[in-house]
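Spelled out from the first residue to the last, the chains are:
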Amino acid sequence: MTFKEKLDKAFEETHYEREEQLMKVEKMHRFSLSYRLWERKMLGDIRKGRVSKRWTLKRARAVIVSGIVAAVLIGGTAAAVMNRGRYGFANNRYISKILIGERPDDKPFIKECYGLPEVNGWRITERLVSDMSVKLVYDRGKQRVIFEQLVIHSGNMGIINTQDTEIDMLSIYAENDGFVLEIDEFHTTICWLYDGYLLRIDGNTDKNEVLYLVHSTKIINM
């Protein structure tokens, strides 16, 4: 085979390779769910003239992952998760872990302290405040109520006693933003989401008085 014949053959093979590449249909690129979530909120914030530096693509991925983890730990369907708002519960025999999906508007640390007014005989007897939580103990005679304010994070947000009671979802300020457990007629636990925090009250009191305390919660000076 002459040099010219070898050159013609090489050009012919290259031509067929290029033709095959042009005829090949590439798979359409699709953006990830986290990117689309980030883009949607970012564009919405720009239109409203407010852009959060905390809302990053990494943060969007964390929101998606936390939702998936909650669904897996709950062991239920997506519909069951939606019916309980942002809450998930990892159930054991006697106790359950509280799981909450994070959102961009959650507070990264304690910016203001919430608590209960010292009225109707209630007085603060203990307090513990940090950048991530507030714990206040209120006493009134033999009654005791513990008020907690927690920064929301992925993973275990606390333990509740579910041995002899059921979780009753509540809509306090938004749909399914809280839940209550009546351990017995003298012990009630209630949790609710407010202003980017998880708030919780445990006390030896009934459901009606606990709900009254929830609605009397306010920012206090520490």
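Small disclaimer: the values here were computed from a predicted structure and weren't measured.

Peer 1: How would you explain the overall build of the protein chain if you had to name every residue and give the values?
Peer 2: Along the backbone of the protein chain there are five helices and 12 strands. For the protein chain, the residues scored as buried account for 36% of the 222 residues in total. Of the contacts made within the protein chain by residues no fewer than 6 positions apart, 49% connect residues no fewer than 24 positions apart. For the protein chain, the accessible surface area stands at approximately 14,600 Å², while carbon and sulfur atoms represent 55% of it.

Peer 1: Explain the pattern of salt bridges to me, and be specific about the residues and the numbers.
Peer 2: Opposite charge on two side chains makes pairing possible when the charged atoms of those side chains draw close. Applying the stated criterion across every chain, the model contains nine salt bridges. Here D106 and R86 are joined by a salt bridge, their closest N and O atoms 2.8 Å apart. With a gap of 20 residues between them, D106 in the loop between β2 (95–100) and β3 (114–115) and R86 in the loop between α4 (78–83) and β1 (87–91) connect regions that are remote in the sequence. Its salt-bridge partner being E126, residue R144 comes within 3.9 Å of it at the nearest N-O pair. Residue R144 is located in strand β6 (residues 143–151), and its partner E126 is located in strand β4 (residues 123–129); the two are separated by 18 residues in the primary sequence.

Peer 1: Before we move on, can you summarise the packing of aromatic side chains with the specific residues and values?
Peer 2: One pass over the structure, following the stated rule, counts seven aromatic pairs. Here the aromatic rings of Y114 and Y194 are separated by 5.6 Å at their centres, their planes lie at 85 degrees, and the arrangement is edge-to-face. Highlighted residues: Y114 in strand β3 and Y194 in strand β10 (residues 187–194), separated in sequence by 80 residues. Residue classification places Y114 among the buried residues on the basis of a relative accessible area of 6%. We classify Y194 as partly exposed; its relative accessible area is 33%. Aromatic side chains Y114 and Y197 sit 6.2 Å apart centroid to centroid with 65 degrees between the ring planes, which places their arrangement in the edge-to-face category. With a gap of 83 residues between them, Y114 in strand β3 and Y197 in strand β11 (residues 197–203) connect regions that are remote in the sequence. Across the pair, exposure class does not vary: Y114 and Y197 are buried alike. The lysine or arginine in question, K111, covers the ring of F109, its NZ or CZ lying 5.6 Å from the ring centre.

Peer 1: Residues and numbers for the sheet that holds β1, please.
Peer 2: Taken in spatial order, the three strands of this open sheet run β1-β2-β7, and their pairing is antiparallel. Edge positions in the sheet fall to β1 and β7 (156–161), since each of these pairs with one other strand and no more. Between one strand and the next, the sheet's axes are offset by a mean angle of 30 degrees, whatever the strand orientation. Relative to β2, β1 is paired through five bridges, and the arrangement is antiparallel.

Peer 1: Explain the pairing of β10 to me, and be specific about the residues and the numbers.
Peer 2: Judged by how many residues are buried, β10 sits mostly within the fold: six of eight residues are covered. Examined bridge by bridge, strand β9 (residues 178–184) and β10 share six bridges and lie antiparallel to one another. In the strand pairing of β10, E182 is matched with T188. The antiparallel hairpin formed by β9 and β10 contains two residues in its connecting segment.

Peer 1: Hey, could you go over the environment of T217 for me, with residue numbers and the actual values?
Peer 2: With respect to the secondary-structure elements, T217 resides in the loop between α5 (207–216) and β12 (218–219). On the accessibility criterion, T217 (17% relative accessible area) is buried. Here the alpha-carbon distance between T217 and Y114, two residues 103 residues apart in the chain, equals 6.7 Å. Setting aside its immediate chain neighbours within four residues, T217 contacts Y114, G115, L116, F147, W192 and L199. Separated by 3.1 Å, the side chain of T217 and the backbone oxygen of L213 make a polar contact. A polar contact is formed between the side chain of T217 and the backbone oxygen of V214, at a distance of 3.1 Å.

Analysis parameters
- Residues numbered from 1 in each chain as written.
- Predicted model: local features only at pLDDT ≥ 70, side-chain atom pairs only at ≥ 80, totals over all residues.
- Heavy atoms only, no water.
- Helix = DSSP H or I, 4+ residues; strand = E, 2+ residues; numbered from the N terminus.
- Buried < 20%, exposed > 50% of the residue type's maximum accessible area, 1.4 Å probe, protein only.
- Contact = heavy atoms within 4.5 Å.
- Areas by Shrake-Rupley, 256 points an atom, 1.4 Å probe, with all protein chains shown as cover.
- Salt bridge = Lys/Arg side-chain N within 4 Å of Asp/Glu carboxyl O.
- Phe/Tyr/Trp six-rings, centres within 6.5 Å; stacked < 30°, edge-to-face > 60°.
- Lys NZ or Arg CZ within 6 Å of the ring centre and 35° of its normal.
- Pairing = 2+ DSSP bridges.
- Axes fitted to C-alpha atoms, helices over the stretch in contact; angles between N-to-C directions.
- Polar contact = N/O pair within 3.5 Å; in protein donor to acceptor, adjacent residues only side chain to side chain.

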